[in-house]
Amino acid sequence: MRGRAWAGAVLVLGAQLPALWLAAAVEVYTSEEVVAVNGTNQRLKCTFSSSSPVSSQLSVTWNFQPEDLSSHEPVFYYLKEPYKPPSGRFKDRVTWDGNVERKDVSIIIWNLQPTDNGTFTCQVTNWPDVYGSIGEVRLRVVQKVSFSEIHFLAVAVGSASVLMIVVVLAVIICRQRRQKAQEKRTGASDTELKEKESLKMREEKEPSPLED
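Residues numbered from 1 in each chain as written. Predicted model: local features only at pLDDT ≥ 70, side-chain atom pairs only at ≥ 80, totals over all residues. Heavy atoms only, no water.

Under an unreviewed UniProt entry, the name given to the protein is Myelin protein zero-like protein 2, and the source organism is Lepidothrix coronata. What UniProt records for the protein under Subcellular location (unreviewed entry) is the sentence "Membrane". (UniProt positions renumbered as here; feature names shortened; annotations may be inferred.)

Asks: For the side chain of S59, give the residues involved together with the corresponding values.
Replies: On the secondary structure map, S59 appears in strand β5 (residues 59–66). Judged by relative accessible area, S59 falls into the buried class, the value being 11%. Here T125 takes part through its side chain, which lies 2.4 Å from a polar atom of the side chain of S59. Apart from residues no more than four positions distant in its own chain, S59 is found in contact with Y77, Y78, L79, Q123, V124 and T125. (Helix = DSSP H or I, 4+ residues; strand = E, 2+ residues; numbered from the N terminus. Buried < 20%, exposed > 50% of the residue type's maximum accessible area, 1.4 Å probe, protein only. Polar contact = N/O pair within 3.5 Å; in protein donor to acceptor, adjacent residues only side chain to side chain. Contact = heavy atoms within 4.5 Å.)

Asks: I'd like to hear about the nonpolar core, residue by residue, with values.
Replies: W62, V75, I109, F120 and V124 are the most contacted members of the largest nonpolar core, which has 27 residues in total. Contributing elements (two or more residues each) for this core: β2 (33–37), β4 (46–49), β5, β6 (73–79), β9 (107–109), β10 (118–125) and β11 (135–142). In this structure, F120 is in contact with L44, W62, N63, F64, V75, F90, I109, G135, E136, V137 and L139, ignoring residues within four places of it in sequence. (Core = buried A, V, L, I, M, F, W, Y, C linked by side-chain atoms within 4.5 Å.)

Asks: So, the sheet that holds β6: which residues are in play, and what are the values?
Replies: Taken together, six strands build an open sheet; the order of strands is β2-β11-β10-β5-β6-β7 and the sheet is mixed. A strand with exactly one partner marks an edge of an open sheet, and here the two such strands are β2 and β7 (82–83). Relative to β10, β5 is paired through eight bridges, and the arrangement is antiparallel. By the bridge assignment for β10, T61 is matched with Q123. (Pairing = 2+ DSSP bridges.)

Asks: Before we move on, could you go through the pairing of β2 and cite the residues and values that matter?
Replies: Taking every second residue as pointing to the same face, the buried face of β2 carries V34 and A36, while none of E33, V35 and V37 on the other face is buried. As defined by bridge partners, β2 adjoins β11 across five bridges and the pair is classed as parallel. By the bridge assignment for β11, V37 is matched with V142.

Asks: Explain the pattern of salt bridges to me, and be specific about the residues and the numbers.
Replies: Per the stated rule, a full pass over the model turns up seven salt bridges. Two residues, R43 and D97, come together in a salt bridge whose shortest N-O distance is 2.5 Å. One end of the pair, R43, is in strand β3 (residues 42–44); the other, D97, is in the loop between β8 (94–96) and β9, with 54 residues separating them in the sequence. Among the residues examined, R43 registers a relative accessible area of 33% and is labelled partly exposed. Its salt-bridge partner being D104, residue R43 comes within 2.9 Å of it at the nearest N-O pair. On the criterion of sequence distance, the pair formed by R43 in strand β3 and D104 in the loop between β8 and β9 is long-range, its members being 61 residues apart. The buried category is assigned to D104, whose relative accessible area is 16%. (Salt bridge = Lys/Arg side-chain N within 4 Å of Asp/Glu carboxyl O.)

Asks: Please set out the environment of W96 residue by residue, giving values where relevant.
Replies: Within the fold, W96 resides in strand β8. Given the relative accessible area of 21%, W96 is considered partly exposed. Expressed as a C-alpha distance, the spacing of W96 and Y83, which sit 13 residues apart in the sequence, is 8.6 Å. Those residues in contact with W96 that sit more than four places away from it in its chain are F76, Y78, P82, D104, V105, S106 and I107. Polar side-chain contacts of W96 include one of 3.1 Å to the backbone oxygen of G98.

Quick look at the structure:
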């Protein structure tokens, strides 16, 4: 009888464990993708929620996986205080920018390079909540446009606009001149015709010598 009761208790506890695990899990939230310009600094935001108050044993682990899917590299670690990586690509290029009391465990990556393209993971444990989701943020570093290229592009666009305006003005002026010349010719023809008609009428009015 006792054996059956023990087995029943184990089964009930086993059925409740997943719910207890979900209730005690740490949920981590990050942006899915971040785009930054080469040579700039970028804040990688990571926040969390926990069913337990923030404890002194709270730990934060940031890792990085390059686009070539090679092995993960440590980026940053926090346990009571921030720990920068002693070596690797992110040495002296990452700083803590979080506040655990506000459940913010973000970091800043300085002087981004094309080799920083990849996926950053943010994992938080807050005893007794030691399980939960892992946040992922994909970073894309794009090449910045230099000032000389921007200046050249601005000059090219400006020159094309000025040229187009000049062409349009030239066409308008030519049309106006042609119209004025045509009006002049038409006026001269009308004047000449009127003079001829006037002369003809005078000739008709004057008496012929033979009539005298």
